[in-house]
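Descriptive structure summary
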Amino acid sequence: MKNNRYCAFFLAIILFFSVFSVSCTNNINEPTYNQSQVFGMGDVFLGTNESLEDIVKRIDLMKDLGVKSHRFWFRAGSNGYDNKESFFSLKDNQLVINNDFVQRVNFVVDKLLEAGVEHITFDVCWMYGMTANGQYKYYGAGIPLMTSSDYLPFMESIKYQFSIISKTFPEIEYFEMGNEMNILELRDADDNILPYTELAKLVTDFSYYAMQGIKEGNPNAKGVLNGLAETSFRYDEAFKKVRYSTKGGAEVVAEFIDLIYQYIESEEYPSCASIKSKRIEDYFDVLAWHPYGAYSSEVWKDYNDTIYSTVKKHNDNGRPVFCTEFGFQRNDQFRGEEYVNIYSNISETPYIEVVHIFILSNVVWNEENFYLTKRDENGDYILSEAYIELKNRFGNM
């Protein structure tokens, strides 16, 4: 009996440490995310000639909602805009920083922080690019083809622009590298739409050079993959024409992300650099997509899990996701209830750290049935039912 008691005692110790070991292993392998700033919103505060007074009005509307994060559309370059509407101007083939623009950005950022916004992502778009002959030109959202002699100079100029931007705004932690670049309809010399697989190569290269610039300007800043959108066009190699995908929106985004991971893992990228990298953090710190196709709170989890399964397939589980745009374009009562449901159950998609509703107001982009407030002819703001629903649930939290 005594020996049996000793055996039982030692067996209990062994079982305890076995369970403890498994528990610790699970905790170590379990990704950690931060959803404390998940309630977010986008609006365009620069890029038009509205007054600072009106900008403050809109920021106060966000404050009343209890918004914790904001997507800031940041115009890097411009084609015919005045100085206060873009970060760079092109003068005598030199990129010159517009101090008026910097002052306006700093003003808006300060007001956002005062309003309780804790997280700001700069969505950097509308770029200049260097050409092979040493001349800058305005590309907007475009990219030269890989076969072009302008390709490498363009990418190096992207790195330069992102480095200056991240250095100028050290208080900004996150920089989104473009917007919805997977729906660019780039064309080759024969005017054929670039195959989807080729477009993903361009975005992979672009992300690398933008990331290098961000880190060069501020080593503590983080790069966010441009928010990918649903798209239905494809280029069919066999028939040499555009075809439409039978896949749903989530599968379309997942396919593009899968291509980017494949190219990174191939050790052949960046394609135009002598030194290659398969390190994911050399291309992005955070993933981003725009889940407009999650047309109700009931499909939110399945929609986003479908995309994130691709991330897990490439052994990158734990990579955070920002939904830098998302919105409903349906009746107002439906929108309010569904926004509240999604945010209230956001823990079901723990990898999503930020969801930015598109869009607060109709001031710059008059997106019918998307905006939550509408400015009337007197400069006053009419609140939608969806806005009121969100305020009742999350305001002053």
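Our subject is the structure listed above.
Residues numbered from 1 in each chain as written. Predicted model: local features only at pLDDT ≥ 70, side-chain atom pairs only at ≥ 80, totals over all residues. Heavy atoms only, no water.

Comments concerning the pairing of strand E4 (residues 94–97)
Looking along a regular strand, one sees side chains alternate from face to face of the sheet. Looking at chain direction, strand E3 (residues 88–91) and E4 are connected through 4 bridges and run antiparallel. What sits directly across from Ser89, in E4, is Val96. Hairpin connection, E3 to E4: the antiparallel pair is bridged by 2 residues, and Asp92 has positive phi, about 55°. (Pairing = 2+ DSSP bridges. Helix = DSSP H or I, 4+ residues; strand = E, 2+ residues; numbered from the N terminus.)

Quick look at helix H7 (residues 297–313)
Here H7 contains 17 residues, and its C-alpha end-to-end distance of 25 Å stays within 8% of the 24 Å for a straight helix at 1.5 Å per residue. At Thr306, H7 shows its maximal kink, close to 30°. Turning to H7, its buried residues are Trp300, Tyr303, Asn304, Ile307, Tyr308, Thr310 and Val311. The elements touched by buried residues of H7 are helix H6 (249–265), strand E12 (287–288), strand E13 (321–326), helix H8 (332–344) and strand E14 (352–358). Following H7 by one or two positions, Asn315 adopts a phi angle in the positive range, close to 55°. (Expected span 1.5 Å × (residues − 1). Bend = angle between axes of the 7 residues up to and from the residue. Buried < 20%, exposed > 50% of the residue type's maximum accessible area, 1.4 Å probe, protein only. Contact = heavy atoms within 4.5 Å.)

What about the pattern of salt bridges?
A pair can form between side chains of opposite charge whenever their charged atoms are brought close. A full pass over the atoms with the stated rule returns 19 salt bridges. The shortest N-O distance in the salt bridge between Lys159 and Glu216 comes to 3.8 Å. Pair noted here: Lys159 is in helix H4 (residues 151–168) and Glu216 is in helix H5 (residues 196–217), with a separation of 57 residues, a long-range link. With relative accessibility at 29%, the residue Lys159 sits in the partly exposed group. Overall, Glu216 belongs to the exposed group, its relative accessible area being 53%. The partner of Arg279 in a salt bridge is Asp282, and the shortest N-O contact between them spans 3.0 Å. (Salt bridge = Lys/Arg side-chain N within 4 Å of Asp/Glu carboxyl O.)

Some remarks on the packing of H5 against H6
Two elements in contact, H5 and H6, have axes whose closest approach is 9 Å; the angle formed by their N-to-C orientations is 60°. What the angle tells us is that H5 and H6 run oblique. Both H5 and H6 take part in a crossing whose hand is right-handed. Between H5 and H6, the residues in contact are Tyr196, Thr197, Leu199, Ala200, Lys201, Val203 and Thr204 and Val252, Glu255, Phe256, Leu259, Ile260, Tyr263 and Ile264, respectively. Classifying every residue of the contact of H5 with H6 gives 10 nonpolar, 2 polar and 2 charged. (Axes fitted to C-alpha atoms, helices over the stretch in contact; angles between N-to-C directions. Parallel < 35°, antiparallel > 145°, perpendicular 65-115°, else oblique. Left-handed = near helix turned anticlockwise from the far one by under 90°. Nonpolar A, V, L, I, M, F, W, Y, C, P; charged D, E, K, R; others polar.)

A few points about the environment of Glu337
Along the chain, Glu337 falls in helix H8. Residue classification places Glu337 among the partly exposed positions, given a relative accessible area of 38%. Between the C-alpha atom of Glu337 and that of Leu390, which follows or precedes it by 53 residues, the distance is 8.2 Å.

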